[in-house]
Structure formats: structure tokens, C-alpha cells
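This is what each chain is made of:
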Number of protein chains: 2
Amino acid sequence: MIINIPENSDFSIHNLPFGIFSTSDRSPRAGIAIGEHILDLAALGELNVFDFNPAVFKKEVLNDFIGLGKAVTSMVRKEVQHWLQDDDSILANKPELFVKQQEATMHMPVHVGDYTDFYSSIEHATNVGKMFRDPENALLPNWKHIPVGYHGRASSIVVSGEPIRRPKGQTLPKDSKTPVFGPSQRLDFELEVGFICGKNTEMGESVSTSDAEDYIFGLVLFNDWSARDIQKWEYVPLGPFLAKNFASSISPWIVTLEALEPFRVAGPAQEPKVLSYLEYEGQKNYDVNLEVGVAPESGEETTVCRSNFKHMYWNMAQQLTHHTVNGCNIHVGDMMASGTISGKEENSFGSMLELAWMGTKPIQMKDGSERKFINDGDTVIMRGYAQKGDIRVGFGEVSSKVLPAK
Amino acid sequence: MIINIPENSDFSIHNLPFGIFSTSDRSPRAGIAIGEHILDLAALGELNVFDFNPAVFKKEVLNDFIGLGKAVTSMVRKEVQHWLQDDDSILANKPELFVKQQEATMHMPVHVGDYTDFYSSIEHATNVGKMFRDPENALLPNWKHIPVGYHGRASSIVVSGEPIRRPKGQTLPKDSKTPVFGPSQRLDFELEVGFICGKNTEMGESVSTSDAEDYIFGLVLFNDWSARDIQKWEYVPLGPFLAKNFASSISPWIVTLEALEPFRVAGPAQEPKVLSYLEYEGQKNYDVNLEVGVAPESGEETTVCRSNFKHMYWNMAQQLTHHTVNGCNIHVGDMMASGTISGKEENSFGSMLELAWMGTKPIQMKDGSERKFINDGDTVIMRGYAQKGDIRVGFGEVSSKVLPAK
């Protein structure tokens, strides 16, 4: 092996995710994470080892590279995987091709044209329905027929490490008919996984569930920051707006679908039967362990949630097929997030809203404090990894500190 | 005058809107509409008449030009206005600077980063509330406190002339509990005006109502295509999605706020009083006549709606201020649409849904046919102009033909 890879590294030889990094003497460029290092693809490209123009690796985002298509991107990953394991390969004795992750700054890996957020965890949708609507009829009538989704804000998607400013907005105090203005009192995270589109469609074109994965380049962890009090007052009838669009945070490394291939599992049975355009064959869920930690400003981190991406009721292929069934066009770099990923157990709920059940069951923190929602100064860290025997493929983390409202 | 301008032209010397055009021998580039002609700004830029790099006029979108700021864009408009009226100016005896509009193809004038649709006409919100909710309590409790808005799809915004494909999707037949899949049976237009952002903000930054117009470059007509049957089944609880994101159509010429200055009027009284961050001074509505025509495949056009942009309850400054009050960042080229602009009179409603009142009052067409919604083969044309004495400033039109579902 060209590079030493620590045991249990998220960035094993089986992973090789793509991202955009810079260092004090390297401008933003494409790289592949391996162990505690990054392979500098821009520098590698200069060695003329690829049969496409390696200028795509010098761009500030991966869109042009991804747009070359899976035949190219998969080949690059496979070649690098091979070279890393061959001590006489093109990568040998070229320390200038590698930088330490701790010396690098990570950037947004893609320019996101459009961002869509789904609502595809039945446990999450049920929990929200129980809290805000009718506990006996928690799921709305359309939920099991439609992978419900809505459009979010692309401009405010930022990468791990960028602090988040607590939003201000209108809320309706209890028993009041008149709203007030001020900082949100119910700032929350949502544990999600987002996929990044790898192929364009034209307006009017639809993608079938059997073709959908060709249009998915890879996945990132996604924190869909939410202001519950703003959301509650604004969201009827046109959906969440200012409660969500102040920020979303993603992990910097895009884990390819190829790397996740060993972790395919069957999704839950869908009953009633879905409409034929949403039917699918094969295993289209992925077994990815997910967890959320909250670290107070000067306290130890507490793990508040352990969930799994396999819980999704609607899979990514169904989401993408539904999104395009009306002819809506998609572009390379578009982001589609899963919606909050909750499991059945109380400690697997993917938001503070559910974990602390609307503030009625505060979460105990290791430093002795309690949380109903997220405090100023807290850092929220999401992590994810898939493991099967010796094969580990991880996402790293998305970590964001909350700053007080301005 | 360098160019002959027909009487009642939308593109008078007082207007001078910006757009992107091409001809058989000119690649897409920036231009200014004047009468029946276009001033080729890329060609003008080559004469070294501006004190900035005129390469911005050779781009395929106006974002970089707009991003130079109003000091520059206003100066260009003023200079051109002056030169057009001076028979000895730099424009004189240079026919190569002008092309006939009928020989040009218009393109999307900007790259739209994010698109937001508001819901700011009280008449429209009231009509919808009467039809779908409670006639006695048509407006929802938040409506007079919040300029309600939601995120839409940027990728499917297209320019006038592009045909629109009837979307397919899920709908719930009357008295059924199970949805069906097929072409929408209730395809509708929504008469809107969209504004294009002219200045970036950073995440965490907010824009006051007094500064908001500095962030608005100009306006276009906006047809927010809607599939009412898909919308009805999908929109609770997260808002419209596939019912809207298959297409939106805009007029190609961006009419600047400066050109609309003579047409400022007072907006409606806002009662109850809005929260202080939404208060504003001065006249922030604009008196722009709007109309919608529907032309069957081989029949005469029927004007089905006459409305006015001045009806808006929430003005653009309030919309932009609300949008950024939580720190949501905006970019040059972002599009924010008004929401359907309905007036009080029945013939001023801005959608077929309202005009034909959910199909109960079909619209009579000049060719003897009736319309409850929009048929395959119909062309929907929206026009808009402001007039005060001799001063006329028009938008041209957004015209789109509906093709049958694939």
C-alpha cells in the first residue's frame, strides 16, 4: 500500500470518495480521501495518466468531472484503487501527490443547482404527525403513495466546519393571535443523507426506477437545520421556507454509489402497493450507520442519536423517478436529501424535536446540562459509516457550530 | 432619434430593458430592446465606450453584467438613452450595432441560482381559500403577517417561446381513496411578475425594506405553470412540488426598476399592522397593466384576464426583506416571483382556476370553444405595460404553447 491507512478509517481502500480541498499552497482542487491523506487529483492529472482532459480536477467544484459520466468517474476510482495497492505504481515515491487531511481545508464539493428535500422516513413522518396533527392518523393520506418532497434553498448549503448563525424570524407565542419577531427558540438539526445527481436530463424527460441509479453520483451526510417555531407559524399552506433556508450543512466527501455497493439491503415492504411508475426491482436501500453528537461550547460531546439509512421507506431511485415523472429536469450537482432519518427506537430519532418529544423529554448531556433543542455555542456532529466484515466505507462527518443570532 | 420607434412600442426610449439574444450570425450576447430593434451591446462594447471590461456583454447570461452593480448598469442605460436621442452620437451610422427583433432568438437572460415564489395577492389567496378551505375564513391566520413564499425549481424556468409539455403525475379521483397516474387534467397558468436580484448578500446578512430595492435589478413577466389536480393531492403538508416544477416561463427582457420609477403607486393599507421589520416608507407598488390571452391551436386569441401589478398586498421590498431576515443569502440572478396577481373583479383573476372558478364557470373563447383549464395546443400569452401620459414602458410578452403529454 502506497499510503498507510489506519484501522477503522472511514476512508479505506474500499471507499475513495471525491471532494474539493485546498492547502496553504494549493488552490481549491479535486482530491480523493485515503486514510488520513488526500490524493491530489489535480497534481496526478498533470502526470498525463488519464485519457480525458485533467483540467476538470483544477476546477473549484466537481461538477465538470462528474459530468464526464460514470464510465469516467468509476474508471478514475478503480485506477486509483489499483495504484494505491501497487507499490510500483505511478503513485509510488511521489509524496507531492498527497497532503494530510489535517493540513487541508475542505470546500463545497459541487455547485448545487437545485436542492430538493424529501420526507421519506415513515418513522419521522409518523412522529411529526403524532406531535402536530392526530396521533391516531399520524400519516397523511398521500404519504404512502408519494415520496413527498419540496424544494429547498441551494444558496445556503455549506460544508462541514462553517458555523451556522441562529436565525431570527416570526413565531406565534402560545395562546397569542399575534406573532412576535426574534431569534428562534427551537433550533434543531435533521439527520439526513443527500445524494448528488451525476447526469442531466432534458425538460420533459423522465427517469425510470431501473435507470435512476445511473443518475446518482454519490452521497453525503446532510444536516437540514430547522427552526421549529418559525416553521410552525409559516408552513401552512405552502411548506417550510425561512425555517429551513438559513442553512444546510453537508459532509465534504462524496461517497460514490459504487463504494456503497456491498451495503445494499432490501427496503421495507411498501403497502399499499405503489403506482407502477414507482415499482422497483432489487435492493435499493443502503445499510449505513448514522449518529449525531452534540458538543456544548466547553463540554464533552454527547451522542444523542443512532440511526441507519436503511430505514428509509422510499429509496433514492423512487425519489428521483418521482421527481422527474412530470418532466422536471435535473442537472449534475443537484442535491436531493432524504428527509430526517428516524428509526423505531426512541434513541434513533433524527431530530431534537423527536428525541426530546417537543421539549417534554429533555436530553441529558454528559456535562450535566439538558437539551430540548440546540443551544448557542453547541456543535452538532453527524457521522456515518457502512461496515461489512473487514470492509468499512465511511462518510467522515459534518460538524457545525451554532453562533448566536446577530 | 437614431432608431425609429413605433408609437405605443413597449420598448420606448423610456424603457431600454436588457436581454440575451442571438441571430444566425451572432452568438448569444447582451442587448437592449429599442422599438422593433435590439442594440447589440457586445458590438457596442468593442467600440471602447465604457470604462469597464465589456466582455460581460459577450456572456450567455447577464449575471456578470448585473453583478457590476447599479452604478454601472444604470450608467449604461442612461448613456444609451442619451446616445439614441443624439443623431451625432457614437451609435450614428452604425447599422451593424442594431438587429431587428424579428430576426433574433431570445434566450434566458440570467442564470437563476435560486427561485422563490411568493403568494402576495390578497385577492388570489382569498379566492384559493374560498375554493379549497373555508369561504368564511378564506385567509389563513399567518397571511397578513408574513409575505408567504416557498422555494421553486430554478432548472425549469424557460424563456418565452419554449413550448411546455403537459405534465404527468399522481392525482386523486373524486370519491376515491387511491390515486391514479396520468397526464394532468387541470393544467393552469398563473399570471405573475418576477424580480431578478442584482446584488449578493452573505449568509447571516439581512436586507432592510429601505435598502431592498438596491438588491432588485429588474422585472419580467412570469407564468408559473401549475397542474391543479397534481397540486391538490401532493401539497399537504410540504407545499407544491411536481405540480409546479415541470416549467415556469418568463418574458425575455428585464425591465429595470429605474424604468419603472414613474409608475410607483401606494400599496394597499396593511391592517393589522405588520411587524416592524416589514414596515416601509414611500410608494413601493408599481402600476403595470397585465393581461393574459389564450389562443387555441388554430383559433383566434381570447383575452381571459386583465389585472395589474399594483394590486399586490405585499410589495417586493417586503418580500426581499422577509426572505433575508433569517440570514438566508441571495445571489445575483436569483428570481423571486410575486405569486398570482388577481384583482377584485372576476375578469382580473390571474389563473384559470379562479377565472373559471374550479371549472364551474367555463370561459367562452372567440372560436366558440370553452375553457375550464388549458388544453393541449393552446398558447398562453401574458403581456404587461405601464403607461403615464406619453411615457410607455412595456414588458413585451411571455408566450408558450402547450404540447400534449409524452
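None of the values given here were measured: they were computed from a predicted structure. (Residues numbered from 1 in each chain as written. Chains lettered and ligands numbered in written order. Predicted model: local features only at pLDDT ≥ 70, side-chain atom pairs only at ≥ 80, totals over all residues. Heavy atoms only, no water.)

Trainee: What's the story with the domain arrangement of chain A in this structure? I'm lost.
Mentor: The accessible area lost on association of the parts is a frequent measure of interface size. Residues and elements named next belong to chain A. Domain annotation for chain A reports domain 1 (18-107) and domain 2 (115-403). One C-alpha centre belongs to domain 1, the other to domain 2; they are set 29 Å apart. Counting residues at the interface gives 16 residues for domain 1 and 17 residues for domain 2. If you sort the residues of domain 1 by the area they bury against domain 2, Phe18, Ile66 and Lys70 come out on top, with a joint share of 44%. Where domain 1 packs against domain 2, one counts zero salt bridges. (Domains from an automatic or database assignment. Contact = heavy atoms within 4.5 Å. Buried area = accessible area lost by both parts, 1.4 Å probe. Salt bridge = Lys/Arg side-chain N within 4 Å of Asp/Glu carboxyl O.)

Trainee: I tried to follow a positive patch on the surface on my own but got confused; where do I start?
Mentor: Residue and element names in this part refer to chain A. On the surface, Lys174, Arg186, Lys232 and Lys372 cluster together to form a positively charged patch. Topologically, Lys174 is positioned in the loop between β10 (168-171) and β11 (180-183). The exposure class of Lys174 is exposed, given its relative accessible area of 78%. (Patch = residues over 30% accessible without salt bridge, like charges linked within 9 Å, V, L, I, M, F, W, Y side chains within 5 Å. Areas by Shrake-Rupley, 256 points an atom, 1.4 Å probe, with all protein chains shown as cover. Lys, Arg positive; Asp, Glu negative; His and termini not counted. Charge placed at Lys NZ, Arg CZ, Asp CG, Glu CD. Helix = DSSP H or I, 4+ residues; strand = E, 2+ residues; numbered from the N terminus. Buried < 20%, exposed > 50% of the residue type's maximum accessible area, 1.4 Å probe, protein only.)

Trainee: I'm lost on unusual backbone geometry in this one. Help?
Mentor: It is generally the case that most residues other than glycine have a negative phi and that most peptide bonds are trans. All names here are of chain A. In the segment running from Val236 into Pro237, the intervening peptide bond is cis, with an omega of 10°. With respect to the helices and strands, the residue Pro237 is situated in the loop between α5 (228-234) and β16 (248-250). Of note, the bond from Glu271 into Pro272 is cis; its omega dihedral lies within 30 degrees of zero at 5°. Summarising the element assignment, Pro272 is placed in the loop between β18 (264-265) and β19 (285-286). Its identity as a non-glycine residue notwithstanding, Leu16 has a phi of 60°, on the positive side.

Trainee: How should the relation of the copies chain B and chain A be read in this particular structure?
Mentor: Relating one copy of the chain to the other takes a rotation about an axis and a shift parallel to that axis. Expressed as a screw operation, the relation of chain B to chain A combines 0.0 Å of axial shift with a rotation of 180°, fitting to an RMSD of 0.0 Å. Each copy turns onto its partner about a two-fold axis. The position closest to the rotation axis in chain B is occupied by the C-alpha of B:Gly239, lying 2.2 Å away. When you check the interface residues of chain B against chain A, 100% turn up at the interface there too, and the contact is symmetric in its surfaces. (Least-squares fit on C-alpha atoms with pLDDT ≥ 70 in both.)

Trainee: Sorry if this is basic, but what is going on with the UniProt feature "binding site: Mg(2+)" (unreviewed entry) in chain A here?
Mentor: Residues and elements named next belong to chain A. The UniProt entry lists Asp224, Lys244 and Ser248 under the feature "binding site: Mg(2+)" (unreviewed entry), expressed in the numbering used here. The largest pairwise C-alpha distance within this set of annotated residues, which runs over 25 residues, is 7.7 Å, so the set is compact in three dimensions. Relative to the assigned elements, Asp224 resides in the loop between β14 (216-223) and β15 (226-227). Ignoring any residue separated from it by four or fewer positions in sequence, one finds Asp224 in contact with Tyr115, Asp117, Tyr150, Phe189, Glu190, Glu192, Lys244 and Ser248. (UniProt positions renumbered as here; feature names shortened; annotations may be inferred.)

Trainee: I keep staring at the sheet that holds strand β20 (residues 289-295) of chain A and nothing clicks. Help me out?
Mentor: Hydrogen bonds between backbone groups are what pair the strands of a sheet, and the pairing can be parallel or antiparallel. Residues and elements named next belong to chain A. Pairing is mixed across the open sheet formed by five strands, whose spatial order is β9-β26-β25-β20-β21. Only two strands of the sheet have a single partner each, and these edge strands are β9 (164-165) and β21 (302-308). Looking at chain direction, β20 and strand β25 (residues 379-388) are connected through seven bridges and run antiparallel. Note that in β25 the partner of Ala295 across the bridge is Thr379. (Pairing = 2+ DSSP bridges.)

Trainee: I keep staring at the interface of chain B and chain A and nothing clicks. Help me out?
Mentor: Between chain B and chain A, the residue contacts involve 58 residues of the former and 59 residues of the latter. Across the chain B/chain A interface, buried area totals approximately 5300 Å², and carbon plus sulfur atoms make up 63% of it. Joining chain B to chain A, the criterion identifies four salt bridges. For the salt bridge of B:Arg153 with A:Asp334, the shortest nitrogen-to-oxygen distance reads 2.7 Å. Put simply, chain B and chain A have 24 residue pairs in polar contact (both at pLDDT 80 or more) between them. The set of elements that each furnish at least two residues to the side of chain B that touches chain A consists of β6 (115-118), β7 (149-152), β10 (168-171), β11 (180-183), α5 (228-234) and α7 (316-324) of chain B. Here the side of chain B that touches chain A gets four residues from one element, more than from any other, and that element is β7(B). Among the residues making up the side of chain B that touches chain A, the classes are represented as 30 nonpolar, 20 polar and eight charged. (Polar contact = N/O pair within 3.5 Å; in protein donor to acceptor, adjacent residues only side chain to side chain. Nonpolar A, V, L, I, M, F, W, Y, C, P; charged D, E, K, R; others polar.)

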